[in-house]
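One-letter residues, chain by chain:
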Amino acid sequence: MTEQTQIDWDALREVALDAMGRAYAPYSNFPVGVAALVDDGRIIAGCNVENASYGIGLCAECALVSTLHMTGGGKLVAFTCVDGHGGALMPCGRCRQLLYEHSAPGMLLQTVSGIRTIDEVLPDAFGPRTLVDFAE
């Protein structure tokens, strides 16, 4: 696991801000950008993409996970999310579950209340590690 002191949170935030600037949010006017450090050292990003039917828009976290797999896979080590004003934004519960599914154990998130682990923001989560433990 990458130590918090080894993560360049400013660089991640800059990538998230750039991604936020590319968001397609004409209906809510609430652009979101995310960035994450992958366990192989890559930094990936995503932004929200809305749709006129509202309910089928894509969260920035969905775009990030798609980018993760399109660019070689791996596990997320550190994550940040910004709103249209550049402020820290906590992913919703659905997106926390999505991030958990693709996280390295102990993944760090930059949140509105400071740096937290994925287990702190989604306690008692169910995911791939649960299934592996069950199979044993």
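Calculation notes
Residues numbered from 1 in each chain as written. Predicted model: local features only at pLDDT ≥ 70, side-chain atom pairs only at ≥ 80, totals over all residues. Heavy atoms only, no water. Pairing = 2+ DSSP bridges. Helix = DSSP H or I, 4+ residues; strand = E, 2+ residues; numbered from the N terminus. Axes fitted to C-alpha atoms, helices over the stretch in contact; angles between N-to-C directions. Contact = heavy atoms within 4.5 Å. Expected span 1.5 Å × (residues − 1). Buried < 20%, exposed > 50% of the residue type's maximum accessible area, 1.4 Å probe, protein only. Arc of directions from axis to C-beta. Salt bridge = Lys/Arg side-chain N within 4 Å of Asp/Glu carboxyl O.

### Quick notes on the sheet that holds strand β4 (residues 103-111)
Across a sheet, paired strands are connected by hydrogen bonds in the backbone, their directions being either parallel or antiparallel. On the basis of which strands lie adjacent, the open sheet formed by five strands has the order β2-β1-β3-β4-β5 and mixed pairing. Where the open sheet ends on each side, the last strands, each with one partner, are β2 (43-47) and β5 (114-117). Across this sheet, the average inter-strand angle for adjacent strands is 20°, counted without regard to direction. When strand β1 (residues 33-38) meets strand β3 (residues 76-82), the two strands line up antiparallel, connected through six bridges. Counted as the bridge partner of V34 is C81 from β3. Seen against the sheet, helix α2 (residues 60-70) touches β1, β2 and β3 and runs at an angle of roughly 140° to β2. Along the sheet face, helix α3 (residues 93-101) touches β3 and β4 and points at about 140° away from the line of β4.

### Section: helix α1 (residues 9-20)
Helix length check: α1, at 12 residues, gives a terminal C-alpha distance of 16 Å against a target of 16 Å (1.5 Å per residue), a fit within 8%. If you check which residues of α1 are buried, you get W9, L12, A16, A19 and M20. Taken down its axis, α1 places every buried residue within 100° of arc, on the same side. The outward face of α1, more than 90 degrees from its buried face, is lined by the exposed residues D10 and E14.

### A short note on the pairing of β1
Burial runs high along β1: six of the six residues are buried. What you see with β1 is no split at all: G33, A35 and L37 on one side and V34, A36 and V38 on the other are buried throughout. As defined by bridge partners, β1 adjoins β2 across five bridges and the pair is classed as antiparallel. In the sheet register, A35 faces β2, and the bridge partner there is A45. Between β1 and the antiparallel strand that follows it, β2, lie four residues; G41 among them carries a positive phi value of about 100°.

### Concerning unusual backbone geometry
Although it is not a glycine, Y54 sits at a positive phi angle of roughly 60°. As for its placement among the helices and strands, Y54 is situated in the loop between β2 and α2. Positive phi, normally seen in glycine, also occurs at D124, with a value near 60°. Topologically, D124 is positioned in the loop between α4 (118-121) and α5 (128-135).

### What about the pattern of salt bridges?
Taken as a whole, this structure holds two salt bridges when the rule is applied. Two residues, R22 and D18, come together in a salt bridge whose shortest N-O distance is 3.0 Å. The class of R22 is exposed, set by a relative accessible area of 60%. On the accessibility criterion, D18 (42% relative accessible area) is partly exposed. Two residues, D40 and R42, come together in a salt bridge whose shortest N-O distance is 2.8 Å.

By themselves these figures say nothing about function.
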